[in-house]
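# Overview (structure and organization)
Here are the chains, one letter per residue:
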Amino acid sequence: MNITFDKVTGQFQLNNDRISYVMQVLNGGYLAHLYFGSKISRYRGSAALSYYDRGFSPQPYDFRHDRTFSLDTQPLEYSTYGIGDYRITPLHIQYKNGSTITDLRYKGHKIIAGKPELTGLPATYALSDEDAQTLEIELVDETEKVNVFLSYTIFHTLPVICRSSRILNNSDKAIRILKADSLSLDFRDHDFDMLTLYGAHANERNLCRQPLQHSIQTVASNRGASSHQQSPFIALAKPQTNEQQGEVYGFSLVYSGNFAIQTEVDQFGCTRLNIGLNPLDFSWQLTSGQSFQTPETVSVYSAEGLNDMSHTFHQLYRTRLIRGSYKEKLRPILVNNWEATYFDFNEAKIDQLASDAADLGIELLVLDDGWFGQRNDDNTSLGDWFVNTAKLPDGLKGLAEKVIARGLKFGLWVEPEMVSEASELYKAHADWCIQVAGHSFTEGRHQLILDLSRQDVCDYLVDTLSSVFSSAPISYVKWDMNRHMTEIGSAQLPPERQRETAHRYMLGLYQIMDKLTAKFPDILFESCSGGGGRFDAGILYYMPQTWTSDNTDAICRLKIQHGTSLVFPPISMGAHVSVIPNHQVGRSTPMQTRAFTAMAGTFGYELDLGKLSTADKAAVKEHVALYKKIRPTCQLGTYTRLLSPFESNESAWQAISTDGNQVVVTYCKILAEPASQIRILKLAGLDSNAEYKITDCYKPKRLSLVYADEPGSNLIGQSFGGDELMNAGITIDRIDADFISTMWILEKVK
Ligand code: DGJ
């Protein structure tokens, strides 16, 4: 890994063994983008920038005699508004005189060992000064006295560039930032498909693949959260790229609030990609001497397909984003009482659930919503974080001790960012909500959002939650958030800063999460927002796992987890088995399929174990034992998608342990078909020269409508070469029912 600057050519080159990123300071000091892709030892400009006189593409004044030079026609690194580049701009600032023109020229740069932190924001980090190198380029607008620092980090071993920008107001007047992106990247063609993840509550992260168009395409959230509806992710893949091969650029914004990702294919067939905070309803007042830091965007390049891109994201996020004692720790198998009881529980019921869970080998019991205030339904009590002793007479401590005595750990649900209108907190502090004076407010789930742009509210939450978390032996916290922002404004901000509220909220939230996770380092935090409404890299920096979706139906989960895995590692994805008929979609699926699907993430249960049939209880016991055997592989191994539920009636994935010795392969057929093709499943990423023994195969009984979860296969005990398993594949037995799954476990023969 190294970063070089050639004074003669003005060229920067960031290199590691897999990628290169190249920029050049052009005449006039404009910063051009030259290349991002597979490693080029020394970039000398064979694909030279071309200069033509293009109609309606104007010249900067200094270049007025050279009609071939226009900012409108060059690939630029961080273009600005108002000086002849008409494409989407990453930076838009309004000055005291009303002007919105910014003209940035190269001023200087520094190369730093390692990776500096981003003040107040989550970001990836380097493991040591040798693990990464950072280039900071300083651009300046000499007229407005504004400096922009573009930061580029390259990691030693990963095909990743992390970018962010910082705007410094060096003038003596306040300026207003209207838009400041983290990344702007120009490509010299538009031969790409764009892959994005869209969805809804209980239907998150569906994969959408469509060709880039000659227009501006936007993926965004204006909901005050990264959202279920769109994810802060985009990949640009060559049309031929698939899971196993082809070029792809993946981008993930490390932020949990409003964002916008835009692509523009311009008049000459070039593509610009901008990623950052959503400029809608955003502005930031920067007084003299102050600076504004944008969130970070992670850019991954792969020449080897989507799985390889995901492997890089998984590795980066597992090892250089997630922090704390649970970073590489195996996650416990949990049972959560939400779908078991909803609000209708008491100490005896929860204790019984703990007892049933202990019998089956489950390791953690999570008490979900309803333990506090008068919370017997979702109309009330958010903010009143004191125990409802009618339900739990011995308090959280008494219950937790009972659960622990049964051999489980105890976990707790909270939704701290919210307040119910019917609550003590709201009575005392109605002005603590996000609101605009004089307007009535919109409610979602009968709740309002606390104004985390206020320091007093943040301090209050840190104190209150600290008391709750220390009131009982709590090992796990599920941090929920169940509505989006409306009437965005803060009672404490002056009019000229009202449009800062949503971003200030995120900064407040990050501050709270930072303090609490530092104060309670042994608690495993799982974030949640009505399922996966805030499944993003920003939150992952503080909380190492996220509840993937409120939809626990195994078949819906095939898509939800497949989409999520584009960016996020399985260890970060909460996945639970629930009852049938499923509470969200009414579907009945075999217990084995529910379990195998949930084993693709951090495994758990979300049902009343006591109500299971004897056969189902036996199955749960078996699945819990099985998961313990394969947990390190599922949680820490290399996860690869083999068949896509978005493209077919089936789904398959595999995980290879970190030492390469264990392989877990799962296949699921969604609907049975007459005269179906015999599926040959080809494995991936094995050692071609090694032998693998199939030690277990869990499959349904042939022609049985009663799904028995019995192991058994004629392949068990047989060994095959890695080359054979990858190239010839394994035959999947014909299956005669819907929603059937099979799992193979292979061990490398030493
Ligand atoms: C939404 C979450 O996603 C659910 O798992 C559950 O915790 C409920 N909130 C509780 O209100």
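Residues numbered from 1 in each chain as written. Predicted model: local features only at pLDDT ≥ 70, side-chain atom pairs only at ≥ 80, totals over all residues. Heavy atoms only, no water.

### Regarding the state of the cysteines
On inspection of all chains with the given rule, the structure shows zero disulfides. There is no disulfide at C208, and the cysteine sulfur nearest it, in C556, is 18 Å away. In this structure C208 comes out as partly exposed when scored by relative accessible area, which is 22%. Between C668, a cysteine without a disulfide, and C556, which holds the nearest cysteine sulfur, the sulfur-to-sulfur distance is 12 Å. What makes C668 buried here is its relative accessible area of 1%. (Disulfide = S-S within 2.5 Å. Buried < 20%, exposed > 50% of the residue type's maximum accessible area, 1.4 Å probe, protein only.)

### Re the site of the ligand
The environment of the ligand is formed by 13 residues, the closest being D368, D369, K478, D480 and D550. One nitrogen or oxygen atom from the side chain of D480 is found 2.7 Å from a nitrogen atom belonging to the ligand. Between N482 and the ligand, the recorded distance is 3.4 Å, taken from a side-chain N or O atom to a nitrogen atom. Expressed as a share of its isolated accessible area of 290 Å², the protein-covered part of the ligand is 98%. (Near = heavy atom within 4 Å. Polar contact = N/O pair within 3.5 Å; in protein donor to acceptor, adjacent residues only side chain to side chain. Areas by Shrake-Rupley, 256 points an atom, 1.4 Å probe, with all protein chains shown as cover.)

### Some thoughts on empty space enclosed by the protein
One pass over the structure, following the stated rule, counts eight cavities of 30 Å³ or more. Space inside the largest cavity adds up to approximately 130 Å³. Taken together, the residues that form the lining of the largest cavity break down as eight nonpolar, two polar and three charged. Counted as a void, the second largest cavity has a volume near 100 Å³. (1 Å grid on protein atoms, 1.4 Å probe; cavity = no way out; pocket = protein on both sides within 12 Å on 5 of 7 lines; lining within 4 Å. Points joined across faces, edges and corners; volume = space filled by probe spheres on them. Nonpolar A, V, L, I, M, F, W, Y, C, P; charged D, E, K, R; others polar.)

### Looking at the pairing of strand β27 (residues 524-527)
On β27, burial covers both faces: L524 and E526 on one face and F525 and S527 on the other are all buried. Bridge analysis of strand β26 (residues 476-479) against β27 gives four bridges, and the strand direction is parallel. When the sheet's bridge partners are listed, K478 is paired in β27 with E526. Regarding the hand of the β-α-β motif, the stretch spanning β26, helix α7 (residues 501-519) and β27 is right-handed. One ladder, built from two bridges, connects β27 with strand β28 (residues 545-547); its direction is parallel. (Helix = DSSP H or I, 4+ residues; strand = E, 2+ residues; numbered from the N terminus. Pairing = 2+ DSSP bridges. Right-handed = clockwise from strand over helix to strand, strands pointing away.)

### Considerations on the packing of aromatic side chains
As enumerated under the stated definition, the model contains 39 aromatic pairs in all. An angle of 50° between the planes, with centres 6.4 Å apart, marks the rings of W385 and W413 as tilted. Of this pair, W385 sits in the loop between β22 (364-367) and α4 (395-405) while W413 sits in strand β23 (residues 409-414), and the two are 28 residues apart along the sequence. A relative accessible area of 1% means that W413 is categorised as buried. Centroid distance F469 to F520: 5.5 Å. Interplanar angle 85°. Geometry classified as edge-to-face. With F469 in helix α6 (residues 455-470) and F520 in the loop between α7 and β27, this pair connects stretches of sequence that are 51 residues apart. Look at F469 and you get buried, because its relative accessible area is 3%. Through a chain of ring-to-ring contacts, three or more aromatic side chains come together here, namely Y21, F36, Y152, F187, F192, Y249 and Y301. If you follow R54 out to its NZ or CZ, it ends over the ring of F268, 4.0 Å from the centre. Geometry around F345 places K391 over its ring, the cationic atom sitting 4.6 Å from the centre. (Phe/Tyr/Trp six-rings, centres within 6.5 Å; stacked < 30°, edge-to-face > 60°. Lys NZ or Arg CZ within 6 Å of the ring centre and 35° of its normal.)

### Section: the side chain of D536
Checked against the element boundaries, D536 lands in the loop between β27 and α8 (537-540). Summary of buried charges: D536 has no salt-bridge partner, and the nearest side chain of opposite charge, R534, is 5.4 Å away. Separated by 2.6 Å, the side chains of D536 and S226 make a polar contact. Ignoring anything within four residues of it in the chain, the contact list for D536 reads S226, P232, Y255, S256 and F568. (Lys, Arg positive; Asp, Glu negative; His and termini not counted. Salt bridge = Lys/Arg side-chain N within 4 Å of Asp/Glu carboxyl O. Contact = heavy atoms within 4.5 Å.)

### A closer look at the sheet that holds strand β21 (residues 334-336)
Around the barrel, eight strands lie side by side as β21-β22-β23-β26-β27-β28-β29-β30; this closed barrel has parallel pairing. Geometrically, the sheet is characterised by an average inter-axis angle of 30° between neighbouring strands, direction not taken into account. Summarising the sheet, β22 and β23 pair through four bridges and their orientation is parallel. Residue pairing across strands places V366 opposite G411, the latter belonging to β23. Against the sheet, helix α3 (residues 347-360) makes contact with β21 and β22, and its axis sits at roughly 155° relative to β22, the strand it touches most. (Axes fitted to C-alpha atoms, helices over the stretch in contact; angles between N-to-C directions.)

### Description of unusual backbone geometry
Of note, the bond from I580 into P581 is cis; its omega dihedral lies within 30 degrees of zero at -10°. Locating P581 in the fold gives a position in the loop between β29 (573-577) and α10 (591-598). In this structure, R445 takes a positive phi of about 50° despite not being glycine. Along the chain, the position of R445 falls in the loop between α5 (424-428) and β25 (447-449). Residue R445 is classed as partly exposed on the basis of its relative accessible area of 27%.

### Describing the environment of P75
Mapped onto the secondary structure, P75 falls in the loop between β4 (31-38) and β5 (91-94). A relative accessible area of 8% places P75 in the buried class. Here P75 is in contact with A32, H33, L49, D186 and R188, once residues within four sequence places are set aside.

### Some thoughts on the pairing of strand β1 (residues 2-6)
Relative to strand β2 (residues 11-15), β1 is paired through five bridges, and the arrangement is antiparallel. Across the sheet, the residue bridging to T4 is Q13, located in β2. Remark: four residues form the turn of the hairpin made by β1 and β2, two consecutive strands paired antiparallel; G10 in that turn has positive phi of roughly 70°.

### Digging into the confidence of the model for the chain
The predicted model of the chain has a mean per-residue pLDDT of 96, with 98% of residues at 70 or higher. The lowest-confidence element of the chain is strand β37 (residues 730-731), averaging 92 in pLDDT; the highest-confidence one is strand β15 (residues 248-254), averaging 99. This stretch, residues 703-712, has a pLDDT under 50; its non-local contacts, to residues over four places away or in other chains, come to 24 contacts. (pLDDT = per-residue confidence, 0-100.)

### Description of the side chain of D384
Within the fold, D384 resides in the loop between β22 and α4. As a buried residue without a salt bridge, D384 has its nearest oppositely charged side chain in K427, at a separation of 7.2 Å. Excluding its chain neighbours within four sequence positions, the residues that come into contact with D384 are F372, G373, S423, E424 and L425.

### Notes on α4
Regarding α4, the residues found buried are G395, L396, G398, L399, A400 and V403. Looking at the buried residues of α4, the elements they touch are α3, β22, β23 and α6.

### Topic: the pattern of salt bridges
Counted under the stated rule, the structure contains 43 salt bridges. A salt bridge links R631 to E363, with the nearest nitrogen and oxygen atoms 2.8 Å apart. With R631 in helix α11 (residues 614-636) and E363 in the loop between α3 and β22, this pair connects stretches of sequence that are 268 residues apart. One salt bridge connects R679 with E650, and the closest N-O pair in it is separated by 2.4 Å. Here R679 is found in the loop between β33 (662-669) and β34 (680-681), whereas its partner E650 is found in strand β32 (residues 650-656), with 29 residues between them in sequence. In terms of burial, R679 and E650 fall into one category: buried. Connected via shared salt-bridge partners are D85, R87, D186, D266 and R272.

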